[in-house]
Amino acid sequence: MAWIQKLKMRFRRDPGIVLVEAVVAMGIFGFVLASFATVSTSSSQIQTTAISHGVAIQAAQGVVEQARSAAWGKVAVKAAPAAGSTEVRETAGLFPATQTVTVRGLPVKLTTTVKWKDNRVHVAGQHPYASKVITVTASWTEQGVERTAPAQEALLTPSVSEVPPAGVVEVR
């Protein structure tokens, strides 16, 4: 109780000190509030980017899963075949080279490549390629900046009855 008496005496001697203390307290409160607003905005942007990243990976994995469930001989990019290339391109291919899909309101650009996988255990008389690798890269634009998720890949092996087409040649 004695400290309250001392505080009252102090304010009676210098009444202007209360106004100075109030201004300093409001300044400290304003600084803390501005810092909180900055951190809150920054964490919101980070969360938005993380959600978009997850959505883009989901879209790319969807294409990879579609390739895994398709017949091995039909997994190709829709394009004219390129001579001397390890890319698997067919006009009747299942996947466009690029496509834009909208997942949960986010437009995601998917870039798909299908390539022959070099068969390191080459047996005489067999084709040098025994499987395909599908790679799907997802990108999106966020606040004017293009972002890209890590590529999603899958190794696709043929069934016993499927073989690579005769026109495919090994390129080194």
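The structure this text deals with has already been given above.
First, a word on scope: everything that follows refers to the structure included in this document. (Residues numbered from 1 in each chain as written. Predicted model: local features only at pLDDT ≥ 70, side-chain atom pairs only at ≥ 80, totals over all residues. Heavy atoms only, no water.)

1. What about helix α2 (residues 17-69)?
We apply this condition: Counting from the N terminus, the helices are DSSP H or I runs at least four residues long and the strands are E runs at least two residues long. Residue count minus one, scaled by 1.5 Å, sets the expected span of a helix. Type-normalised accessible area, obtained with a 1.4 Å probe on protein chains alone, sets the label of each residue: buried when under 20%, exposed when over 50%, and partly exposed for intermediate values.
Between its first and last C-alpha, α2 extends 78 Å over 53 residues, near the 78 Å set by a 1.5 Å rise per residue. Of all the residues in α2, the buried ones are S52, V55, A56, I57, A59, A60, V63, V64 and A67.

2. Some words on unusual backbone geometry
Positive phi outside glycine occurs at R104, with the angle close to 50°. Looking at where R104 falls in the secondary structure, it is placed in the loop between β4 (98-103) and β5 (106-118). Non-glycine residue Q143 carries a positive phi angle of around 55°. Summarising the element assignment, Q143 is placed in the loop between β6 (129-142) and β7 (145-148).

3. A word on the environment of S69
Convention followed: Whenever two N or O atoms come within 3.5 Å, that pair is a polar contact, provided that in protein one can donate a hydrogen and the other can accept it, and provided that, for residues adjacent in sequence, both atoms are side-chain atoms.
Mapped onto the elements, S69 comes out in helix α2. Classification of S69 by relative accessible area gives exposed; the value is 63%. Separated by 87 residues in sequence, S69 and L156 place their C-alpha atoms 9.9 Å apart. Polar side-chain contacts of S69 include one of 3.0 Å to the backbone oxygen of Q66.

4. A closer look at the nonpolar core
General note: in soluble globular proteins, nonpolar side chains tend to be found buried as a group. Spelled out, the test is: In this text, buried Ala, Val, Leu, Ile, Met, Phe, Trp, Tyr and Cys residues form a nonpolar core when linked through side-chain atoms within 4.5 Å. Between two residues, a contact is recorded if the distance between any of their heavy atoms is within 4.5 Å.
In terms of nonpolar packing, the biggest core is built from 26 residues, with V108, L110, I134, V136 and L156 touching the most fellow members. The set of elements that each furnish at least two residues to this core consists of α2, β5, β6 and β8 (152-156). Of the residues forming this core, the biggest block, eight residues, is contributed by α2. If sequence neighbours within four positions are ignored, V136 has contacts with A60, V63, V64, L110, T111, T112, A151 and Q152.

5. Observations concerning the environment of Q45
Structurally, Q45 is set in helix α2. By relative accessible area, Q45 is classed as partly exposed at 41%. Between the C-alpha atoms of Q45 and Q143, which are 98 residues apart in sequence, the distance is 9.8 Å. Other than its neighbours up to four places away in sequence, Q45 contacts E142 and Q143.

6. Thoughts on the pattern of salt bridges
Here is the rule: Here a salt bridge means any side-chain nitrogen of Lys or Arg lying within 4 Å of a carboxyl oxygen belonging to Asp or Glu.
Under the counting rule described, the total for this entry stands at three salt bridges. Across the salt bridge formed by R68 and E65, the nearest N and O atoms sit 2.7 Å from each other. One end of the pair, R68, and the other, E65, are both in helix α2, three residues apart, so they sit about a helical turn from each other. Residue R68 is classed as partly exposed on the basis of its relative accessible area of 46%. We note a salt bridge from R89 to E87, for which the minimum N-O separation is 3.3 Å. Residue classification places R89 among the partly exposed residues on the basis of a relative accessible area of 32%.

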